[in-house]
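# What the coordinates show
The primary structure of each chain is shown beneath.
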Amino acid sequence: MIDPDTRAGILDRAATEVRAVAQLQPENSLDVETAYQVQERLIACRLARGERLVGLKLGLTSEAKMKQVGVREVILGRLTDAMRHEAGASIDLGRLIHPRVEPEIAFLLRRPLPPHPTPADLRECIEAVAPALEIIDSRYEGFRFDLGDVIADNASSAGFVLGRWQSPETDTGDVAISLSVSGKLCETGSSAAILGHPRRALAEAGRIAAARGIATAAGDIVLAGAATAAVPLHPGALIAADFEGLGRVEIRAFGPADPAT
Ligand code: OOG
Ligand code: MG
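Residues numbered from 1 in each chain as written. Chains lettered and ligands numbered in written order. Predicted model: local features only at pLDDT ≥ 70, side-chain atom pairs only at ≥ 80, totals over all residues. Heavy atoms only, no water.

## Observations concerning the coordination of the magnesium ion (ligand 2)
Four donors placed tetrahedrally around a metal ideally meet at 109.5 degrees, and six donors placed octahedrally ideally meet at 90 or 180 degrees. At the metal site, the magnesium ion (ligand 2) is ligated by E102 (OE), E104 (OE) and E134 (OE), and these contacts range over 1.9 to 2.0 Å. One chain supplies every donor to the magnesium ion (ligand 2), and in sequence these donors are spaced E-x1-E-x29-E. Here E102 and E104 have matching classes, each one buried. (Donors = N, O, S within 2.8 Å, 3.2 Å for Na, K, Ca; no water. Buried < 20%, exposed > 50% of the residue type's maximum accessible area, 1.4 Å probe, protein only.)

Below, the structure is given as structure tokens:
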């Protein structure tokens, strides 16, 4: 039997002490229900330190992402204010275990998401859209996990950066995306890879949030999940993501030359 508080404590310490932990053994695998309970407790540790919830993130909404980590179900995680960095920020890799970065599309909510949003509901719910980068950092050794592990670990959330908010009418259905590292093109894709349309990720957020008793509110940020695989974040790197018609987001990375694994 896994005690959610104990498991959350282990994952919280892994993040704050920047030290990876072993994933649970298959015979101890977390079911989805328990995994979201661990996530809730993990977030409670952050809130107890004064962090504030600012939104949600979807994970594993594209084939490229599912293939990269070997988990094939859409997952939900929580975003706090401490995870947010300004566009152009320099990210301290000394505080992360084995970070990766990936291009995302962000939605700003005008109202709470219903449990089963129709396309009309979704239009009503979107206040603005923005290009974004997400920094993920699994707390598990080797970035290896199963479905329960990654939900418990708040969907590997570590940080996010938003570009400029755009009109909610901006078409996000087939945005060409490219990710480059220090001038070298690393990943290309389209937002259509996100469940066929990033708005479907928003619908999934409504569904999963309702199923797990997670409230959404006007002003929340929702990351739709990456359209491409994530790339490792190394010291000295300049990361730039270009989203055709939406904008560009950049960050820099600095820190120890050889991040722990
Ligand atoms: C899990 C988090 C997935 C996304 O955009 O698909 C995610 C991971 O890849 O470690 O954030
Ligand atoms: Mg992501």
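Now that the structure has been shown, the text picks up again.
## So, the packing of aromatic side chains
We describe a pair of aromatic rings using the distance from one ring centre to the other and the angle between the two ring planes. Going through the model one piece at a time under the given rule, you end up with 2 aromatic pairs. For the ring pair Y140 and F145, a centre distance of 6.5 Å and an interplane angle of 55° mean the geometry is tilted. The same class applies to Y140 as to F145, namely buried. Each ring, one from F143 and one from F145, has its centre 6.3 Å from the other, and the planes form 50°; the classification is tilted. When its relative accessible area of 9% is taken as the criterion, F145 is described as buried. The structure contains a cluster of three or more aromatic residues connected by ring pairs, namely Y140, F143 and F145. A cation sits over an aromatic face here: R100 above F143, 3.7 Å from the ring centre. (Phe/Tyr/Trp six-rings, centres within 6.5 Å; stacked < 30°, edge-to-face > 60°. Lys NZ or Arg CZ within 6 Å of the ring centre and 35° of its normal.)

## Digging into the pairing of strand 2 (residues 75-80)
Within strand 2, 6 of the 6 residues are buried, which leaves the element mostly enclosed by the surrounding structure. Side-chain alternation along strand 2 places I75, G77 and L79 on one buried face and L76, R78 and T80 on a second face that is also buried. Bridge count for strand 1 (residues 53-59) against strand 2 is 6 bridges, and the pairing is antiparallel. Pairing of L56 across the sheet is with R78, part of strand 2. (Helix = DSSP H or I, 4+ residues; strand = E, 2+ residues; numbered from the N terminus. Pairing = 2+ DSSP bridges.)

## Concerning the pattern of salt bridges
Throughout the structure, instances matching the rule amount to 16 salt bridges. Among the ionic pairs, R52 bridges to D81, the shortest N-O distance being 4.0 Å. On the criterion of sequence distance, the pair formed by R52 in the loop between helix 2 (32-48) and strand 1 and D81 in the loop between strand 2 and strand 3 (84-85) is long-range, its members being 29 residues apart. Owing to a relative accessible area of 51%, R52 belongs among the exposed residues under this scheme. Residue classification places D81 among the partly exposed positions, given a relative accessible area of 30%. R139 is paired through a salt bridge with D153; the nearest N and O atoms lie 2.7 Å apart. (Salt bridge = Lys/Arg side-chain N within 4 Å of Asp/Glu carboxyl O.)

## Topic: the pairing of strand 5 (residues 100-109)
Counted residue by residue, strand 5 has 10 buried out of 10 residues, so it is predominantly covered. Side-chain alternation along strand 5 places R100, E102, E104, A106 and L108 on one buried face and V101, P103, I105, F107 and L109 on a second face that is also buried. Of the pairings in the sheet, the one linking strand 5 to strand 6 (residues 126-136) comprises 10 bridges and is antiparallel in character. The residue bridging P103 from the neighbouring strand is L133, located in strand 6.

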